[in-house]
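Residue-level structural notes
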Amino acid sequence: IDIWGIYMDKINFWKKASSKVADIVEFVDKSSDATFLFMVNIKENVSWCSEKTKEYFGLSSQIFSDFKPVLQEFVHPYDREEYAEEIAKRINGTSLDKELCSHMRKKNGIYSMFTFHINELNDDEGNPEYYVIVIKNENLFPKPDALTDLYSYSPYVKDLAKDI
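Everything numeric in this text was worked out from a predicted model, so none of it was measured. (Residues numbered from 1 in each chain as written. Predicted model: local features only at pLDDT ≥ 70, side-chain atom pairs only at ≥ 80, totals over all residues. Heavy atoms only, no water.)

Section: helix H5 (residues 80–91)
The terminal C-alpha atoms of H5 lie 16 Å apart, and with 12 residues this matches the ideal 16 Å at 1.5 Å per residue to within 8%. Tyr83, Glu86, Ile87 and Arg90 are the residues of H5 that are buried. End-on, the buried residues of H5 take up no more than an arc of 100°, which puts them together on one face. Buried-residue contacts for H5 involve helix H4 (67–72), strand E4 (100–105), strand E5 (111–122) and strand E6 (128–137). Of the residues flanking the end of H5, it is Gly93, one or two places downstream, whose phi is positive at about 90°. (Helix = DSSP H or I, 4+ residues; strand = E, 2+ residues; numbered from the N terminus. Expected span 1.5 Å × (residues − 1). Buried < 20%, exposed > 50% of the residue type's maximum accessible area, 1.4 Å probe, protein only. Arc of directions from axis to C-beta. Contact = heavy atoms within 4.5 Å.)

If you want it as structure tokens, here you go:
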């Protein structure tokens, strides 16, 4: 096995793919009505969100600085303390693999349950460079979960109301 050749193929693959990041992000963003995308440049403290995310939450811009207070504005007042603590843990590099759940307000003023999934992307030296944050609305999934065969809350209530 030519390990060096495999390594170089991997480098070339990612160099070519990096030119397609915008297309990849757009594809991921459009793949589900229930997921919303943020990217944070850690070094510059500049954040970007997709157009869909901007519209859904009623943000004034797709680009802003310091994402923490921007998102916290949409977090339910009862969840804000926990949100602040848990986001701080993730920014410090701990608990990145743990899901963060919070009620968030949509543009229409209604709160829903959201889960945050945060991944850290490193630069060539291994230092944190970006956070990719996917926020998932747990109340938008119209079908049962494939693994558990359970409904999210909104479809469950609708189906329950039909049976009563």
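Some thoughts on the pattern of salt bridges
Evaluation of the coordinates by the stated rule reveals 8 salt bridges. We note a salt bridge from Asp66 to Lys68, for which the minimum N-O separation is 2.7 Å. Looking at Asp66, the relative accessible area reads 23%, which means it is partly exposed. Lys68 sits in the partly exposed class, given a relative accessible area of 29%. We note a salt bridge from Arg90 to Glu86, for which the minimum N-O separation is 2.8 Å. Taken together, the positions of Arg90 and Glu86, both in helix H5 and 4 residues apart, correspond to about one turn of that helix. The class for Glu86 is buried, based on a relative accessible area of 16%. Three or more residues joined by partner-sharing salt bridges are found here, namely Glu51, Lys54, Glu55 and Lys107. (Salt bridge = Lys/Arg side-chain N within 4 Å of Asp/Glu carboxyl O.)

Focus: the environment of Asp29
Counting through the fold element by element, Asp29 comes out in helix H2 (residues 21–30). What makes Asp29 buried here is its relative accessible area of 10%. For Asp29 and Val134, which are 105 residues apart along the polypeptide, the C-alpha to C-alpha distance reads 9.3 Å. Asp29 has contacts with Thr35, Leu37, Ser50, Lys52 and Thr53, leaving out every residue within four places of it along the chain.

Here's the deal with the sheet that holds strand E1 (residues 35–41)
Note: strands within a sheet are paired through backbone hydrogen bonds, in either parallel or antiparallel orientation. One open sheet accounts for 6 strands, arranged E3-E2-E1-E6-E5-E4; its pairing is antiparallel. A single partner strand is all that each edge strand has here, and the edge strands are strand E3 (63–65) and E4. Neighbour to neighbour, the strand axes of the sheet diverge by 30° on average, direction disregarded. Here strand E2 (residues 46–49) pairs with E3 via 3 bridges, running antiparallel. (Pairing = 2+ DSSP bridges. Axes fitted to C-alpha atoms, helices over the stretch in contact; angles between N-to-C directions.)

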